[in-house]
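Structure at a glance
Residues per chain, in single letters:
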Amino acid sequence: MKTLIVYYSRTGNTDKIAKIIQEKLNCDIERITDNDKYKGILGFIKGGFNAVSGRGTTINQCSKNPEEYDLIIIGTPVWAGTLAVPVNTYIIQNREKFKRKIACFTTCGSSGYEETVKEISKRCEKSLSATLSITEADLNNPSEKINTFINKIKN
Ligand SMILES: Cc1cc2nc3c(=O)[nH]c(=O)nc-3n(C[C@H](O)[C@H](O)[C@H](O)COP(=O)(O)O)c2cc1C
């Protein structure tokens, strides 16, 4: 199954999980970048506000074509109980190219992942094959949850 992980990470947590999944699946990976639009405390405030408003932003051109993949795994931090703005933007720009399966993973402090997963499914206009939620408490030892997620994807 040709798989692409596409994710955004502001402070490295989602990046860490994305890279572990990538290593286990040996698949393609693409990080969504936005020239640090949400850096610092002002970025935090703006990020929360824009996420709740469902706004888009400008992201840099991605190199992988999602149309070529059987499975796209979308990774996002939870922002104010929903997906991060750059991920929302990626979905809006690419959802017509999601031809087959979609899965997702979220990272968060402690809460908001259920709603975020629902929003991803809604915005992709597809049901999700598998989901993974990593909280700050899981970050140092995420292997078990990641393995369960990967088994679900493979079945
Ligand atoms: C704008 C903003 C809003 C956030 N809102 C939530 C939230 O609603 N619930 C939560 O548990 N964590 C929240 N967080 C914390 C992040 O989801 C968490 O630190 C995440 O792992 C960061 O991922 P990253 O390092 O890949 O950017 C928020 C962080 C930011 C920047």
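Values in this document were obtained by computation on a predicted structure and should not be read as measured data. (Residues numbered from 1 in each chain as written. Predicted model: local features only at pLDDT ≥ 70, side-chain atom pairs only at ≥ 80, totals over all residues. Heavy atoms only, no water.)

Using a probe with the size of a water molecule, rolled over the atoms, empty space left in the structure can be pinpointed. By volume, the largest pocket amounts to about 370 Å³. Looking at the largest pocket, it is lined by 18 residues, and the ones nearest its centre are Arg10, Phe44, Pro77, Val78 and Trp79. At the level of secondary structure, the elements contributing two or more residues to the lining of the largest pocket comprise helix 1 (13–25), helix 2 (40–53), strand 3 (71–79) and strand 5 (101–108). At four residues, helix 2 tops the list of elements feeding residues into the lining of the largest pocket. (1 Å grid on protein atoms, 1.4 Å probe; cavity = no way out; pocket = protein on both sides within 12 Å on 5 of 7 lines; lining within 4 Å. Points joined across faces, edges and corners; volume = space filled by probe spheres on them. Helix = DSSP H or I, 4+ residues; strand = E, 2+ residues; numbered from the N terminus.)

With that settled, consider the pattern of salt bridges. Going through the model one piece at a time under the given rule, you end up with eight salt bridges. Between Glu68 and Lys2 there is a salt bridge, with the nearest N and O atoms lying 3.9 Å from each other. Here Glu68, found in the loop between helix 2 and strand 3, pairs with Lys2, found in the segment before strand 1 (3–7); they are 66 residues apart in sequence, far enough to count as distant. Its relative accessible area of 48% is what places Glu68 among the partly exposed residues. (Salt bridge = Lys/Arg side-chain N within 4 Å of Asp/Glu carboxyl O. Buried < 20%, exposed > 50% of the residue type's maximum accessible area, 1.4 Å probe, protein only.)

At Asn35, a residue that is not glycine, the phi angle is positive and equals roughly 55°. Take Asn35: it is sitting in the loop between strand 2 (28–31) and helix 2. Notably, Asp36 is not glycine yet its phi reads approximately 55°, a positive angle. Counting through the fold element by element, Asp36 comes out in the loop between strand 2 and helix 2. Take Asp36: its relative accessible area is 52%, and that puts it in the exposed class.

Turning to the site of the ligand, a few remarks are in order. If you check the shell around the ligand, you find 20 residues, and the closest are Ser9, Thr11, Thr14, Val78 and Thr107. For the ligand, an oxygen atom lies 2.4 Å from a polar atom in the side chain of Thr11. Among the elements of the structure, helix 1, helix 2, strand 3 and strand 5 are those that each provide at least two residues to the shell around the ligand. Tallied by class, the residues present in the shell around the ligand amount to six nonpolar, twelve polar and two charged. (Near = heavy atom within 4 Å. Polar contact = N/O pair within 3.5 Å; in protein donor to acceptor, adjacent residues only side chain to side chain. Nonpolar A, V, L, I, M, F, W, Y, C, P; charged D, E, K, R; others polar.)

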